[in-house]
Amino acid sequence: VNGKFLSGIMVIRFEPNPSAAQLEITTVFDNFGINQKTVNGTKSKLREASNNNGNPQHTISVDINVSWENGTSVDRYGTRIRERVQGQPGVWPTYIFEITGTWTNDFSNGESFSYEILTPVVKKTICYFFVAGNVLIDKPSISGVLDYGNGQCDNNAIFTTSDGEVIEISLN
């Protein structure tokens, strides 16, 4: 398919709940192969027309393992929630989203990369970049907080390492 060799089992289940105005889509990977990679685990998406705040929301949860023929692998798990907090229904340029969540990648070599959104990351659809929010990043080589700013549509962010070093970042 599209130049890729696929094998194994991938089961996609759609579970609509009209009374709650939501749809859950669950994908289960059972030794699902894509070229030299094998995927096992579950990914689910919950689409809600109206969350507890009355806003549309998408929640993605993942708990998968990807392994390569050479014996390396990664376990990825976590949840990301995207809530539309502003915007006129049906008018995409007016939408503003807030994204929250945590996710981790554990590699077979013992390294672990984790991300935790400390304050919601803000995405305005009229801007290419995130405009606000803070993400705690923890990697073996560096850790700290990435700050996307104060809501301005620009390509700037600031990374403050756990040692207190402040690094200005251009996002393009």
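The text that follows walks through the structure, step by step, so that each part is easy to find.

## Some thoughts on the overall build of the chain
Okay, so step 1: Helices and strands together make up the secondary structure of the chain, namely zero helices and 11 strands.
Okay, so step 2: Seen in sequence order, the chain has helices and strands lined up from the N terminus as β-β-β-β-β-β-β-β-β-β-β.
Okay, so step 3: In terms of overall dimensions, the chain has C-alpha extents of about 50 × 45 × 30 Å along its principal axes.
Okay, so step 4: The proportion of buried residues among the 172 residues of the chain is 31%.
Okay, so step 5: Restricting the contact set of the chain to residue pairs at least 6 apart, pairs at least 24 apart contribute 29%.

## Side note on the sheet that holds strand β10 (residues 156-161)
Okay, so step 1: Overall, antiparallel pairing links the 11 strands, which are arranged β1-β2-β3-β4-β5-β6-β7-β8-β9-β10-β11 in an open sheet. Two strands lie at the open edges of the sheet, namely β1 (6-17) and β11 (166-170), each paired on one side alone. Shown here is a sheet whose adjacent strand axes are inclined to one another by a mean of 10°, direction ignored.
Okay, so step 2: Both strand β3 (residues 37-48) and strand β4 (residues 57-68) contribute to a ladder of 12 bridges, which runs antiparallel.

## Considerations on the packing of aromatic side chains
Okay, so step 1: In this structure the tally under the stated criterion is eight aromatic pairs.
Okay, so step 2: A ring pair is formed by F29 and F32, whose centres lie 6.0 Å apart and whose planes are at 50°; its orientation type is tilted. Of the two residues examined, F29 and F32, each falls in the buried class.
Okay, so step 3: Aromatic side chains F130 and Y148 sit 5.2 Å apart centroid to centroid with 65° between the ring planes, which places their arrangement in the edge-to-face category. Taken as a pair, F130 in strand β8 (residues 130-138) and Y148 in strand β9 (residues 143-150) lie far apart in primary sequence, 18 residues in all.
Okay, so step 4: For F130, a relative accessible area of 30% puts it in the partly exposed group.
Okay, so step 5: Members of the aromatic cluster, each reached through a chain of ring pairs, are W92, Y95 and F97.
Okay, so step 6: For R82, the ring lying beneath its charged end belongs to F97, and the centroid distance is 4.4 Å.
Okay, so step 7: A cation sits over an aromatic face here: R84 above Y95, 4.2 Å from the ring centre.

Parameters at a glance
- Residues numbered from 1 in each chain as written.
- Predicted model: local features only at pLDDT ≥ 70, side-chain atom pairs only at ≥ 80, totals over all residues.
- Heavy atoms only, no water.
- Helix = DSSP H or I, 4+ residues; strand = E, 2+ residues; numbered from the N terminus.
- Buried < 20%, exposed > 50% of the residue type's maximum accessible area, 1.4 Å probe, protein only.
- Contact = heavy atoms within 4.5 Å.
- Pairing = 2+ DSSP bridges.
- Axes fitted to C-alpha atoms, helices over the stretch in contact; angles between N-to-C directions.
- Phe/Tyr/Trp six-rings, centres within 6.5 Å; stacked < 30°, edge-to-face > 60°.
- Lys NZ or Arg CZ within 6 Å of the ring centre and 35° of its normal.

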